[in-house]
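Chain by chain, the residues run as shown.
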Protein chains: 2
Amino acid sequence: MDRRAELQSTLRIDDVPTVRAMVAQKLREAIMSGTLKPGQRLVERELCEMMGVSRPSIREALRLLEADGLVNTVPHRGPVVSTISIDEARQLYAARAVLEGFAGRECARLRDPQVVRQIGDALTRLKAAAAKQDLGGCLEAKTDFYGALIGGCGNAFIQRMLKPLHDRITLLRITSMSQPKRINKSLREVTAIWRAIQSGDQELAERCCIDHVKAAAVAALDMIERASAGQATLSDG
Amino acid sequence: MDRRAELQSTLRIDDVPTVRAMVAQKLREAIMSGTLKPGQRLVERELCEMMGVSRPSIREALRLLEADGLVNTVPHRGPVVSTISIDEARQLYAARAVLEGFAGRECARLRDPQVVRQIGDALTRLKAAAAKQDLGGCLEAKTDFYGALIGGCGNAFIQRMLKPLHDRITLLRITSMSQPKRINKSLREVTAIWRAIQSGDQELAERCCIDHVKAAAVAALDMIERASAGQATLSDG
DNA sequence: CTTGACAGATTGACAGACAATCTGGACAGT
DNA sequence: ACTGTCCAGATTGTCTGTCAATCTGTCAAG
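On a predicted model such as this, the values are computed, not experimentally measured, just so you know. Numbering of residues starts from 1 in every chain and runs along the sequence as written. As they are written, the chains are lettered A onward and the ligands numbered 1 onward, keeping that order. The model is predicted, so local features are restricted to residues of pLDDT at least 70 and side-chain atom pairs to those at 80 or more, both for listing and for counting; the totals for chains, interfaces and linings are taken over all residues.

**Details of the overall build of chain A**
Counting secondary structure elements, chain A contains 10 helices and two strands. Exposed residues have 12 or fewer other C-beta atoms within 10 Å of their own C-beta, buried residues have 20 or more, and residues in between are partly exposed; the C-beta atoms are placed from the backbone. Relative to its 237 residues, chain A shows a buried fraction of 36%. Only DSSP runs of H or I with at least four residues qualify as helices, and only runs of E with at least two residues qualify as strands; both kinds are numbered from the N terminus onward.

In structure tokens form, the structure reads like this:
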């Protein structure tokens, strides 16, 4: 199948040989990049044409995203890209704070040299990117930072649960804007996390992680509230 | 379709109208009741005959279970009921402790009268069932207790993440045995949780929940280790 | 302006088919 | 007797086509 070869060459995730996994990945990317917007209906046949695969494959991929909470399937109306209310966003960040707090604590307890090094590396790159105002670099470094932190806690379940949460948070950010103003504050926070982990202070590491998530939550929620308020006034007048 | 009517009457979950959801639910029950054992291969066509539905429906349901971690699909070999190592079991309980600790803390903070009442009711029934040595009643009361606790924290994400964890823990219990000896100790622990929530002591509630999970983890892991050791000696000699 | 019915669109579900891949066992070579 | 190779059956991955059930929007009638 040339279609399959095409897809494989397009994303090349190596150990994602099945079409449904590739479709799921592509859909995730499309949703998280904003190509598919929250609240948008996903018509199966359109997705078929878009991705060049058959309906069963699309449907199986959609079940995976459904379980991750990225799409919401309502019976006989089909899948919709998940939307989120402000209250749910608050819950989302609260859940993330709990899990990432645990991850930080465990990282501090284990102090795996390789993990500490990975986190340090990501931090260094983050600082460099921030200094150069390189937004893409910042995003990449931050992804690596979180990846090391979450992977370093040595708990596959925490890791597995955090991934959908992060996905939905980036989905949330699509709705509002990215916050360039927060970079410096964020930088201080993650540096504090790293120091706490490096020194093996579990309590401090947990608290730093929680504080970091909460600060991010405040910034994001503030922006969302402002955006929705703007929309409200727009629709009102 | 008589098959569909048959299925609907069989489980009657009311708001589970789609076949795939019913199949997913039935598979969950079969796995958690031990009908389908951990490590067992799930041949799609056999499942089709067993449930009286077509292969696409089975496959879509399997994707849902796959995302929950209840089955593990390896490419070109098909789905297998998830197994779990002792180390993973430890991680599983650690993750549960974090989430349920949060749930307890939040219940204590919110102190929703209805939630407190639900938890108290479940506790009363649990005590009665324990006094009567009614294992089934104990299980049901405990399920209600956890349901109220987890639902009472007011965080849909925590709730959503905990369900698969609980499922996998009961799956774990299938592997080993149920522990009748722990009932009294467990009863004291959950009573402590309730008191802490009732009094609004967030710290205490969190600690009680965590301690409870950890105690359950010790008991369960101990039993699993003993069982696997027995199997090892069996296979060794 | 509201209500009702109808048509189009879309999902839910099924059957059947075929290629790709894995597994187990037979067979040959040493 | 042991090991490596190869083949056939079994199973999954995926597609196509089909049909019923349900939703949605439109249009006419009151």
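Still more ground to cover, so stick around.
**Looking at the protein's contact with DNA strand D**
In the neighbourhood of DNA strand D, 17 residues make up the surrounding shell, with V19, V53, S54 and S57 of chain A together with G78 of chain B lying closest. Elements represented by at least two residues in the surface near DNA strand D include exactly α2 (19-32) and α4 (55-68) of chain A together with α3 (44-51) of chain B. Ranked by the residues each element gives to the surface near DNA strand D, the list is headed by α4 of chain A, at three residues. By definition, a residue lies near a molecule or strand provided its backbone-derived C-beta atom is within 6 Å of it.

**Observations regarding the protein's contact with DNA strand C**
Around DNA strand C sit 16 residues, and of these G78 of chain A together with T18, V19, S54 and S57 of chain B come closest. Going through the elements one at a time, α3 (44-51) of chain A together with α2 (19-32) and α4 (55-68) of chain B are the ones with two or more residues in the surface near DNA strand C.

**A closer look at the relation of the copies chain B and chain A**
Here the copies are matched by least squares. The fit uses the C-alpha atoms of residues with pLDDT of at least 70 in both. Between chain B and chain A, which share one sequence, the superposing operator has a rotation angle of 180° and an axial displacement of 0.0 Å; the RMSD is 0.0 Å. Taken together, the turn and the small shift mark the pair as related by a two-fold rotation axis. Across chain B, the rotation axis passes nearest the C-alpha of E60 of chain B, at a separation of 2.7 Å.

**Things to note about the interface of chain B and chain A**
C-beta atoms are first placed from the backbone for all residues, and any pair lying within 7 Å is then listed as a contact. With 24 residues of chain B in contact, the opposing surface of chain A contributes 24 residues. Of all the secondary-structure elements, those providing two or more residues to the side of chain B that touches chain A are α4, α5 (86-110) and α8 (156-175) of chain B. When residues of the side of chain B that touches chain A are assigned to their parent elements, the largest contribution, eight residues, is made by α5 of chain B. In this classification, the charged set is Asp, Glu, Lys and Arg, the nonpolar set is Ala, Val, Leu, Ile, Met, Phe, Trp, Tyr, Cys and Pro, and all remaining amino acids, among them Gly, are polar. For the side of chain B that touches chain A, the per-class residue count stands at 16 nonpolar, three polar and five charged.

**A closer look at the nonpolar core**
Among the nonpolar cores identified, the biggest contains 126 residues, and I158 of chain A together with I158 of chain B are the most heavily contacted of them. Leaving out residues up to four positions away in the same chain, I158 of chain A has contacts with L99, F102, A103, I150 and C153 of chain A together with A95 of chain B. By definition, a nonpolar core groups buried Ala, Val, Leu, Ile, Met, Phe, Trp, Tyr and Cys residues that are joined through C-beta atoms within 7 Å.

**Details of unusual backbone geometry**
Non-glycine residue H76 of chain A carries a positive phi angle of around 65°. The residue H76 of chain A is located in the loop between β1 (71-74) and β2 (78-81) in this model. The backbone phi angle of Q133 of chain B is positive, close to 60°, even though this residue is not glycine. Tracing the backbone shows Q133 of chain B in the loop between α6 (113-131) and α7 (135-152).

**Brief notes about the pairing of strand β1 (residues 71-74) of chain B**
Residues and elements named next belong to chain B. For two strands to be treated as a pair, DSSP must find at least two bridges joining them. As judged from the four bridges shared by β1 and strand β2 (residues 78-81), these two strands associate in the antiparallel manner. From the neighbouring strand, N72 faces β2, where its bridge partner is V80. Counted between consecutive antiparallel strands, the loop separating β1 from β2 contains three residues, among which H76 sits at a positive phi close to 65°.

**Points about the environment of M22 of chain B**
Topologically, M22 of chain B is positioned in helix α2. Here the alpha-carbon distance between M22 of chain B and M51 of chain B, two residues 29 residues apart in the chain, equals 9.7 Å.

**With respect to helix α5 (residues 86-110) of chain A**
Residues and elements named next belong to chain A. Multiplying one less than the number of residues by 1.5 Å gives the expected span of a helix. The end-to-end C-alpha distance of α5 is 36 Å, a good match for the 36 Å that 25 residues give at a rise of 1.5 Å each. Extensive coverage of α5 is indicated by the burial of 18 of its 25 residues. Phi turns positive one or two residues past the end of α5, at R111, with a value near 45°.

**A look at the packing of α5 of chain A against helix α7 (residues 135-152) of chain A**
Residue and element names in this part refer to chain A. All axes are obtained by fitting lines to C-alpha atoms, using only the stretch in contact for helices, and the reported angles, taken between N-to-C directions, cover 0 to 180 degrees. Axis separation between α5 and α7 bottoms out at 8 Å; the angle between their running directions is 70°. It follows that α5 is roughly perpendicular to α7 by the angle criterion. For the pair α5 and α7, the contacting residues are A103, G104 and C107 in the first and L149, I150 and G152 in the second. Across the contact of α5 with α7, the residue classes tally to four nonpolar, two polar and no charged. Reported orientations rely on four angle classes, namely roughly parallel under 35 degrees, roughly antiparallel over 145, roughly perpendicular from 65 to 115, and oblique for the rest.

**Considering the environment of A95 of chain A**
Structurally, A95 of chain A is set in helix α5. Put simply, A95 of chain A and Q25 of chain A are 70 residues apart on the chain and 24 Å apart in space, counted from C-alpha to C-alpha. If we skip the residues at most four places from it in the chain, A95 of chain A touches L165 of chain A together with N155, F157 and I158 of chain B.

**Here's the deal with the packing of helix α6 (residues 113-131) of chain A against α7 of chain A**
All names here are of chain A. Two numbers describe how α6 lies on α7: the axes approach to 8 Å, and their chain directions differ by 165°. Compared by their axis directions, α6 and α7 come out roughly antiparallel. Between α6 and α7 lies a crossing of left-handed hand. Each of V115, Q118, I119, A122, L123, R125, L126, A129 and A130 in α6 lies in contact with α7, whose residues at this interface are G137, C138, A141, K142, D144, F145, A148, L149 and G152. Tallied by class, residues from the contact of α6 with α7 come to 12 nonpolar, three polar and three charged. By convention, the crossing between two helices is left-handed when the near helix turns anticlockwise from the far helix through less than a right angle, and right-handed when the turn is clockwise.

**Let's talk about helix α9 (residues 183-199) of chain B**
Residues and elements named next belong to chain B. In a regular helix each residue adds 1.5 Å, so 17 residues correspond to 24 Å; α9 covers 24 Å between its end C-alpha atoms and thus fits that length. For α9, the complete set of buried residues consists of V190, I193, W194, A196 and I197. End-on view of α9: buried residues confined to an arc of 165°, all on one side of the axis. In this structure, α9 carries N184, R188 and S199 as exposed residues pointing more than 90 degrees from its buried face. G200 lies just past α9 and shows a positive phi near 75°. Throughout, the arc means that of the directions going from the helix axis to the C-beta atoms.

**Remarks on the confidence of the model for chain A**
All names here are of chain A. Confidence per residue, as judged by the predictor, is encoded in pLDDT with a range of 0 to 100. Per-residue pLDDT for chain A averages 88, and the proportion of residues at 70 or more is 87%. In the model, residues 1-16 has pLDDT below 50 throughout and makes 13 contacts with residues more than four positions away in sequence or in other chains. Long-range and interchain partners of residues 233-237, a stretch whose pLDDT sits below 50, account for zero contacts in this model, where long-range means more than four residues apart.

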